[in-house]
Each structure stands twice: as C-alpha cells, then as structure tokens.
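Residue strings, one per chain:
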Amino acid sequence: MTPERKIPERRSRKARRTRDTLAQAAFELVLDRGLRNVTVEEIAEAADVDRRTFSRYFPSKEAAALDSLRGDGDRINAALRARPDPEPPLLAYRRAVLDWLADPEAEAWHRRPRIFELLVVAEEEPTLYAVFHHIRVDAQEDSIAIVADRLGVDSRQDIRPAVTVAAGAGALLAAQAAWVRGGRPDALPERVVEAFDALAETAKEAWAAGAEATEEAPETEATP
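What counts as what
Residues numbered from 1 in each chain as written. Predicted model: local features only at pLDDT ≥ 70, side-chain atom pairs only at ≥ 80, totals over all residues. Heavy atoms only, no water. Axes fitted to C-alpha atoms, helices over the stretch in contact; angles between N-to-C directions. Helix = DSSP H or I, 4+ residues; strand = E, 2+ residues; numbered from the N terminus. Parallel < 35°, antiparallel > 145°, perpendicular 65-115°, else oblique. Left-handed = near helix turned anticlockwise from the far one by under 90°. Contact = heavy atoms within 4.5 Å. Nonpolar A, V, L, I, M, F, W, Y, C, P; charged D, E, K, R; others polar. Salt bridge = Lys/Arg side-chain N within 4 Å of Asp/Glu carboxyl O. Buried < 20%, exposed > 50% of the residue type's maximum accessible area, 1.4 Å probe, protein only. Phe/Tyr/Trp six-rings, centres within 6.5 Å; stacked < 30°, edge-to-face > 60°. Lys NZ or Arg CZ within 6 Å of the ring centre and 35° of its normal. Expected span 1.5 Å × (residues − 1). Lys, Arg positive; Asp, Glu negative; His and termini not counted.

Student: Hey, could you run me through the packing of helix α8 (residues 126–151) against helix α9 (residues 160–182) in this one?
Tutor: Two elements in contact, α8 and α9, have axes whose closest approach is 8 Å; the angle formed by their N-to-C orientations is 140 degrees. The angle between α8 and α9 falls in the class oblique. Handedness of the α8/α9 crossing: right-handed. Along the contact surface, α8 presents Y129, F132, R136, Q140, S143, I144, V147, A148 and L151, while α9 presents R160, P161, A162, T164, V165, A169, L173 and Q176. Per-class residue counts for the contact of α8 with α9 are eleven nonpolar, four polar and two charged.

As structure tokens, then:
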C-alpha cells in the first residue's frame, strides 16, 4: 500500500473514532442526567472536542445519543438479504429480525447494555422519539429496495415491497413498544414473535372475512 493511500485511511479511522466517542458521550450523559439536562457543549467537552467538531458529525444531541441504533437496521437488512429466495417476503422479514435477535455478535437491543434505558427515554421525549423515527424510516427504505429485488419488481411502480416492509416494521415497532412498557429487558425476542404472530393472525382473519363477504355479495344482473 502506498503512503498516499494510507493517509485517507488513517483520517477515516480517526473520523470514525471521533464520531463513536461523541455518540458514546451523548448516550451516557443523556441516560445519566436526562435529555433536557444535557447540552451539546457538554457532550463535546466529554469527548474532548469542540462544538464545531460535534456539528460536523451530528445535527443534534438526540442524533448523537441514538447513533448506536443506526447499525441495527443495517444488520436486519443484511439478514434479510441473506434469507433464501423462495421465502415469501414478509416471512423473510420476520426471520431476518429473529436472526438479528438470535445472533450474539449482532448485540441486538436486549443484549446491549443500557439500550433498554435509552428506548424508555425515547418513549418519553418527543424530540428523541422523532429522531428514532427517522432512523427507522432510513432502514425501511433499504428494506423496501431489498424486497423489491427479491420480487424482481420496481418499488416505484409496484406497491408490494412497501406494503410488506410497512407490515413487518410495524410489527417490530409494536414489539419494541410493548417490550419497553413491559419493564422486562430480556423479553424482546418473545415480544417480537408475539407481534408477528398477531400480524399473521389478523391478516388471516381479514382474508377470511373478505372471502366470506365476496361469497355472500348478491350477484348483479348484467345491463342489457
């Protein structure tokens, strides 16, 4: 490797370390003192950088505190890409989420220290929850592209990928909310299974009701 190539790589590693240090400082300060009792300047000071450096990496203290959650959407999407092609898309999404939860190296939310606390705070703080929502939306956009590729369709023209991801991500969100409000940090996997089972049962009931309504609908006479 030439010296010219080593310099950008060193800069990239340094930038990654700075970002991670800022994110960890924000994470710990927000959990220790509360979101409203922490300033950007205090986060920057804890990371041993100035305010201008903070602003190069994050638009807000909320974004910094939640930065560690961004990788989870990437991990779920990587698991979704790895699912066998014959699997129906929604089943593939469900199993991708369960693969993420079961992988010790992925360190899903119930395995990582204090993530449960962070999501409890996010439920209580509107500005933090808004950033969490944007993180989820970003991950879902990638999921839609993956599902579209699995189906061999253009997601701009075919609504199925977006509907699939909205249903699966909605089940995950419901599971996360029930997990946080339930007060059991180790219960996330069972809440996810419960949410996807509820989704499947609701879809089955709706399909059956729709089929029954179609059968009972009176036939209309053709207009001469």
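Moving on from the coordinates now.
Student: Hey, could you run me through the pattern of salt bridges in this one?
Tutor: Side chains that differ in sign of charge can pair as their charged atoms come close. Considering all chains together, one arrives at 22 salt bridges under this definition. Here D158 and R160 are joined by a salt bridge, their closest N and O atoms 2.7 Å apart. The class for D158 is buried, based on a relative accessible area of 17%. A salt bridge links E194 to R191; the nearest nitrogen and oxygen atoms lie 3.0 Å apart. Highlighted residues: E194 and R191, both in helix α10 (residues 188–216), separated by three residues, approximately one helical turn. For R191, a relative accessible area of 23% translates into the label partly exposed. Each of R184, D186, E190, R191 and E194 takes part in one network of salt bridges that share partners.

Student: I'm lost on the packing of aromatic side chains in this one. Help?
Tutor: Any aromatic ring pair is given by two values, namely how distant the centres are and how the planes are angled relative to each other. Here the structure, examined in full by the defined rule, presents six aromatic pairs. On the numbers, 5.0 Å between centres and 75 degrees between planes, the contact of F116 with W179 is edge-to-face. With F116 in helix α7 (residues 115–124) and W179 in helix α9, the pair connects residues that are 63 residues apart, well separated along the chain. What makes F116 buried here is its relative accessible area of 15%. Linked through ring pairs, W100, W109, Y129 and F132 together constitute an aromatic cluster. Taking NZ or CZ as reference, R136 lies 4.9 Å from the ring centre of F132, over its face.

Student: Sorry, what's going on with α8 here?
Tutor: Given a rise of 1.5 Å per residue, 26 residues ought to cover 38 Å, and the 37 Å separating the end C-alpha atoms of α8 matches this to within 8%. Buried residues along α8 sit against α4 (61–65), α5 (70–82), α6 (89–102), α7 and α9. At the C-terminal side of α8, G152 shows a positive phi close to 70 degrees.

Student: Please clarify how unusual backbone geometry should be interpreted in this entry.
Tutor: The phi angle of most residues is negative, glycine excepted, and most peptide bonds adopt the trans form. Not every positive phi belongs to a glycine, and E107 is a case in point at roughly 50 degrees. Under the relative-accessibility criterion, E107 is labelled partly exposed at 40%. Of note in this structure, R114 is not a glycine but carries a positive phi near 75 degrees. Relative to the helices and strands, R114 resides in the loop between α6 and α7.

Student: Please explain the side chain of K61 as it appears in this structure.
Tutor: Looking at where K61 falls in the secondary structure, it is placed in helix α4. For the buried K61, which has no salt bridge, the nearest side chain bearing the opposite charge is E62, at an N-O separation of 5.2 Å. With residues near it in sequence (within four places) discarded, K61 still touches A26, L35, R36, V38, V40, I43 and F54.

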